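# Observations on the model geometry
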Amino acid sequence: VQLRHVVQRRGELALLRAAGFRRRTLGWLIALENAVLLTSGLAIGGVAAAAAVLPHFAAHRAEVPWLALLAMAALVLAAGLAAGAVAVRAAVSAPLLPALRGE
């Protein structure tokens, strides 16, 4: 999905490149955008999950596998950042001139 999003925004990235942004700066912008979206999604999902299990946790004193939950969140974060790195590499290495001509 991240790669498709970068491909759809080739015209915008080409325009930024033509305006003087370096490839490295564009890469950092894309990576930062992906990281913010990923961490926001994980945080919102974590809050929603906590709200969903809070009554059960409070009433039955259920055991929560904190280590497994944190490991799963870390795995999701690592996979998302790796996918973001692939998207950044594709965006930075793609020829942007044809996209700029299309705009």
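Residues numbered from 1 in each chain as written. Predicted model: local features only at pLDDT ≥ 70, side-chain atom pairs only at ≥ 80, totals over all residues. Heavy atoms only, no water.

### Considering the overall build of the chain
We apply this condition: Only DSSP runs of H or I with at least four residues qualify as helices, and only runs of E with at least two residues qualify as strands; both kinds are numbered from the N terminus onward. Two things to know: the radius of gyration comes from C-alpha atoms, and the globule rule equals 2.2 Å times the number of residues to the power 0.38. Accessibility here uses a 1.4 Å probe with only protein chains present; expressed as a share of the type maximum, an area under 20% marks a residue as buried, one over 50% as exposed, and anything in between as partly exposed. In this description, accessible areas are obtained by the Shrake-Rupley approach with a 1.4 Å probe, and a residue is regarded as covered only by the protein chains that are shown. Note on charges: Lys and Arg go in the positive column, Asp and Glu in the negative column, and His and the chain ends are not counted at all. Charged groups are reduced to one reference atom each: NZ for lysine, CZ for arginine, CG for aspartic acid, CD for glutamic acid.
Assigned secondary structure in the chain consists of 5 helices and 0 strands. Along the chain, helices and strands appear, N-terminal first, in the series α-α-α-α-α. Radius of gyration (C-alpha) of the chain: 19 Å, far over the 13 Å computed for a compact globule of 103 residues. Along the longest, intermediate and shortest principal axes, the C-alpha atoms of the chain span 65 × 20 × 20 Å. When each of the 103 residues of the chain is scored for burial, the buried share is 17%. With the model as given, the accessible surface of the chain reaches about 7600 Å², and the carbon-plus-sulfur share is 71%. Within the chain, the 4 negative side-chain charges are centred at a point lying 11 Å from the centre of the 10 positive side-chain charges.

### Describing the nonpolar core
Note the threshold: We call a set of buried residues a nonpolar core when its members are Ala, Val, Leu, Ile, Met, Phe, Trp, Tyr or Cys and they connect through side-chain atoms within 4.5 Å of each other. Any two residues whose heavy atoms approach within 4.5 Å are treated as being in contact.
Counting residues in hydrophobic clusters, the biggest one holds 7 residues: Val6, Leu13, Leu26, Ile30, Ala87, Val88 and Ala91. At the level of secondary structure, the elements contributing two or more residues to this core comprise helix H3 (23–60) and helix H4 (66–93). For this core, the leading source of residues is H4, giving 3 residues. Discounting chain neighbours no more than four positions away, the residues touching Leu26 are Leu13, Leu16, Arg17 and Phe21.

### Quick look at H4
Condition: Residue count minus one, scaled by 1.5 Å, sets the expected span of a helix.
In a regular helix each residue adds 1.5 Å, so 28 residues correspond to 40 Å; H4 covers 40 Å between its end C-alpha atoms and thus fits that length. Taken together, the buried positions of H4 are occupied by Gly80, Gly84, Ala87, Val88 and Ala91. On the buried face of H4, the contacting elements are helix H1 (2–8), helix H2 (10–18) and H3.

### Points about the packing of H2 against H3
Quick note on the threshold: Simply put, an axis is a line fit to the C-alpha atoms, just over the touching stretch for a helix, and the angle between two N-to-C directions goes from 0 to 180 degrees. Angles are sorted into four bins: roughly parallel if under 35 degrees, roughly antiparallel if over 145, roughly perpendicular if 65 to 115, and oblique for all others. Working rule for handedness: look at the near helix, and if it is turned counterclockwise from the far one by less than a right angle, call the crossing left-handed; if clockwise, right-handed. Just so you know the grouping, Ala, Val, Leu, Ile, Met, Phe, Trp, Tyr, Cys and Pro go in nonpolar, Asp, Glu, Lys and Arg go in charged, and all remaining residues, Gly too, go in polar.
H3 packs onto H2 with a crossing angle of 140° between their chain directions and a minimal axis gap of 10 Å. The angle between H2 and H3 places the two elements in the oblique class. You can see that H2 and H3 cross each other, and the crossing is right-handed. Residues Leu13, Leu16 and Arg17 of H2 touch H3, and the partners they reach there are Arg23, Leu26 and Ile30. Each residue belonging to the contact of H2 with H3 can be placed in one class, and the counts come to 4 nonpolar, no polar and 2 charged.

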